[in-house]
Amino acid sequence: MYLSRTADLEAEIDALAARYGERVGLDAVLGDLDRRLRRTLAPGLAVHRAWAWDRRDRADDRWWPQGISVTGRRVAVSWYAKHGGARISFLDLDRRRYRHVPLVLPTAGDHEPLRVHAGGVAWHGTQLYVAATRAGLWVCDTDDLLRGPDGYLLPVRYRLEASEPFRFSFVGHDGERLVVGEYDNTGGTRRLGHVALDGGPMEVHEAGVRRAQGVVRVGGRWYVTASHGPWKPGSIWSGPAGDLREHRWAVPMGCEDLAHDPATDLLWTVTEHPHRRWVVAVRRRRLGG
C-alpha cells in the first residue's frame, strides 16, 4: 500500500488569507484562549491525571471529541459535528485554557466546513494530520491559522490518500513516522499502518482489536485504545505487533484516540460522551512498557 500526496491548496489559502487580513499563526491563538479547563478525577485503573472541559462543552450533544495529540504542555483535540464540520481545540495545560478553531476547506471564492469524522489527529512540528476515514489524511499547517469574521480558522492544505482501500479511523505519530488504524465492530478488517510523515509505502499489520479507537508506537511496542460503549471503562492493548495484550478498565468509558509524549512518557486519550468527557494522561509503564 502506498500513500501519495494530493495537490497543495496554497493558492486557495493565500486567497483566503488575503480576504481576511493575512495569517496570524499559532501564537495568536494561544494568546487568545477563551475557555477554561479544570483538573478533575476520571475513572480508569491506569489514569494518572485528568482534565475536564467547561460546562458547555461537557454537555454539548452536537460536537464530539475524537482525536488527541500532545506537544509539550500543549494539546490538540479534534472534534466532529454530527451535522457536518470538524474543529481543533488548542489546549494550554499550564494555563488551563483552550479555544476551538474550525477546520475549513479553502475554495476559489472563500471556504466551507471540512466535513470529516476527524477520528484522530497527529501534531508534528507545525503540521496537523487529521484522519478522514476513507479519504485518507487531511494535512494542515498551524502557520496558516487566520482570523476570520467569526473567530479563527485553520484551512487544510492537502491529503495523503491510499492506493488501496484502508479506513483511516485514527492517526498518531512516533516522532518520525505516522501510525494509523481502522475501527471495526462488525467483522471487517482491523489493521494498523506505519508510514513516513510525507507518505510513501505503508507497512500494514493485522491487529485484531475490536472497537480500536487510537494507536501509538513506542520503540517496538504498540498501544491501542478500545472502547466498550458509553458506560464501561475502556481498554488499552499493548505489546509487539501481532501479540497485543489487553489492559481492561484502564481508561474512562468512551475513550477515543491515543497520543504519546516522549518527554514525560505519558500516554494521552480523550473521551467522547456528553457529561463523561475527559482529557486523560496515563503512565505508560503501568501497561508493561
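For the structure itself, consult the block above.
Predicted, not measured: the structure shown is a model, and the values here were computed from it. (Residues numbered from 1 in each chain as written. Predicted model: local features only at pLDDT ≥ 70, side-chain atom pairs only at ≥ 80, totals over all residues. Heavy atoms only, no water.)

Caption draft 1: Broad picture of the packing of aromatic side chains. Scanning all chains against the criterion turns up 5 aromatic pairs. Judged by centre distance (5.4 Å) and plane angle (25°), the ring pair of tryptophan 51 and tryptophan 268 falls under stacked. Residue tryptophan 51 is found in strand β4 (residues 47–52), and its partner tryptophan 268 is found in strand β25 (residues 266–271); the two are separated by 217 residues along the sequence. In this structure, tryptophan 51 and tryptophan 268 share a single accessibility class: buried. Joined through ring pairs, the aromatic side chains of Trp53, Trp79 and Tyr98 make up one cluster. Looking at arginine 87, its charged tip hangs above the ring of tryptophan 79, at a distance of 4.4 Å from the centre. Between the NZ or CZ atom of arginine 277 and the centre of the ring of tryptophan 64, over which it lies, the distance is 5.4 Å. (Phe/Tyr/Trp six-rings, centres within 6.5 Å; stacked < 30°, edge-to-face > 60°. Helix = DSSP H or I, 4+ residues; strand = E, 2+ residues; numbered from the N terminus. Buried < 20%, exposed > 50% of the residue type's maximum accessible area, 1.4 Å probe, protein only. Lys NZ or Arg CZ within 6 Å of the ring centre and 35° of its normal.)

Caption draft 2: A look at the sheet that holds strand β15 (residues 170–173). As summarised here, the arrangement of the 4 strands in space is β15-β16-β17-β19, forming an open sheet in which the pairing is antiparallel. Among the strands making up the open sheet, the edge pair consists of β15 and β19 (203–206). Going from strand to strand, the sheet's axes swing by 20° on average, the running direction of each strand aside. As paired strands, strand β17 (residues 191–196) and β19 are joined by 4 bridges and run antiparallel to one another. (Pairing = 2+ DSSP bridges. Axes fitted to C-alpha atoms, helices over the stretch in contact; angles between N-to-C directions.)

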